[in-house]
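Per-entry structural report
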Amino acid sequence: MRRQSGFTLVEIAIVLVIIGLLLGGILKGQELINSARVRNLADTATGIQAAYYGFIDRYRRIPGDWNATGASQAIGTTVPVGGNDNGQIDNGSGTADFTEPNAMWVQMAAAGFIQGSYRAGTGGIAANATPTNNNGVAPLNAFNNVMVMGRTDDFLAAPSARLHLVIGRGIPVDVMRELDLKVDDGVPNAGDLRGTATSGALFGIIAEQDATCVDTSNNIWDIRQDAQSCNSAYIF
C-alpha cells in the first residue's frame, strides 16, 4: 500500500493558531499606533493653546499680531515678521491671509513657547497650498499634514468667525472620531472640536476635509465611509 503524505489535523490546527496570533498582533499593533496618534493630536492641540495664552500672559501681546520690532526687543532675539497690533490674528486676502498666522509660529518659537524653527514669510503656505507642503512655515500634525491657526468660520455649525487651530488633513475618520471623544463631545458640529468645511475655506485645501468624513444629517463622524483625509478645527 502507498503511504499518503500531508498535514495532520493537529499540524493544521497549530498553523491556524499561529496565523491567528499573528493577525491579532498586527491588529493590536495598529490599534496602539492609532491610539498614540490620537494622544499626539490631542497633546499638540492643547499644547499650542497653552503656548498661545502663555505668550499673551507673559508679553500682553497677541503672537503674530505683534509688530516685528516690538517683538524682537521684548523677546531678545530678531523676529523678522509681525502684524498690525490690532489685538487679534487677522486674515487678509490672498497670501496676506497667512501673514499673521505664519508670524505667530515664528514669535512663539522665538519666545520658547513651542519647539521648532519656522521660516518667516507672508505667504509660505499660500504659495504651496498642499496639505503636506508648508515650506517650513508651520508645524505638521501626526499624519504629516499642515496645521494653521486663524480667525474664520470654516467649520461646521459656525455662528461667526472664531479663532481656531486647524488640526490638519490626512486623519482617518475613526481616528478623528476618537480624538473628538477624547478632547470634546464626539459630535462634529458642536463643542470645541468641530469638523472643517469641505470646500471654499479661506486657508484653502489645508483647512478642508473630505465630504465623506461627516454624516451631516445625523451629525456623526461617518466611520462606514472610511474617509482617510478628515480635519477639524479646535476652537479657542
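Placed above this text is the structure.
Residues numbered from 1 in each chain as written. Predicted model: local features only at pLDDT ≥ 70, side-chain atom pairs only at ≥ 80, totals over all residues. Heavy atoms only, no water.

1. A word on the nonpolar core
By size, the foremost hydrophobic cluster in this structure holds 54 residues, and its most contacted members are Tyr52, Trp105, Met149, Leu165 and Ile167. Among the elements of the structure, helix H1 (9-59), helix H2 (68-75), helix H3 (99-110), strand S1 (148-152), strand S2 (162-166) and helix H4 (173-183) are those that each provide at least two residues to this core. Of all the elements, H1 adds the most residues to this core, at 9 residues. What Ile167 contacts, discounting residues up to four positions off in sequence, is Leu41, Ala45, Asn141, Met147, Leu179, Leu193, Asn231, Ser232 and Tyr234. (Core = buried A, V, L, I, M, F, W, Y, C linked by side-chain atoms within 4.5 Å. Buried < 20%, exposed > 50% of the residue type's maximum accessible area, 1.4 Å probe, protein only. Helix = DSSP H or I, 4+ residues; strand = E, 2+ residues; numbered from the N terminus. Contact = heavy atoms within 4.5 Å.)

2. Overview of the state of the cysteines
Enumeration according to the criterion identifies 1 disulfide in this entry. Here Cys213 is linked by a disulfide to Cys230, with a sulfur-sulfur distance of 2.2 Å. Taking the torsion about the sulfur-sulfur bond, which here is approximately -100°, the covalent link between Cys213 and Cys230 counts as left-handed. Taken together, the residues span a long stretch of sequence, with Cys213 in the loop between strand S3 (193-195) and strand S4 (214-215) and Cys230 in the loop between strand S5 (220-221) and strand S6 (232-235) at a distance of 17 residues. (Disulfide = S-S within 2.5 Å.)

3. Overview of the pattern of salt bridges
Charged atoms that come close allow side chains of opposite charge to pair. Applying the stated criterion across every chain yields a total of 3 salt bridges. For Arg60, the salt bridge identified is with Asp57, shortest N-O distance 3.5 Å. Assessed through its relative accessible area of 55%, Asp57 is described here as exposed. Between Arg224 and Asp222 there is a salt bridge, with the nearest N and O atoms lying 3.4 Å from each other. (Salt bridge = Lys/Arg side-chain N within 4 Å of Asp/Glu carboxyl O.)

4. As for a nonpolar patch on the surface
There is a patch of nonpolar side chains on the surface, built from Leu9, Ile12, Val15, Leu16 and Ile19 and spanning about 480 Å² of accessible area. Positionally, Leu9 belongs in helix H1. Since its relative accessible area comes to 73%, Leu9 is described here as exposed. (Patch = residues over 30% accessible without salt bridge, like charges linked within 9 Å, V, L, I, M, F, W, Y side chains within 5 Å. Areas by Shrake-Rupley, 256 points an atom, 1.4 Å probe, with all protein chains shown as cover.)

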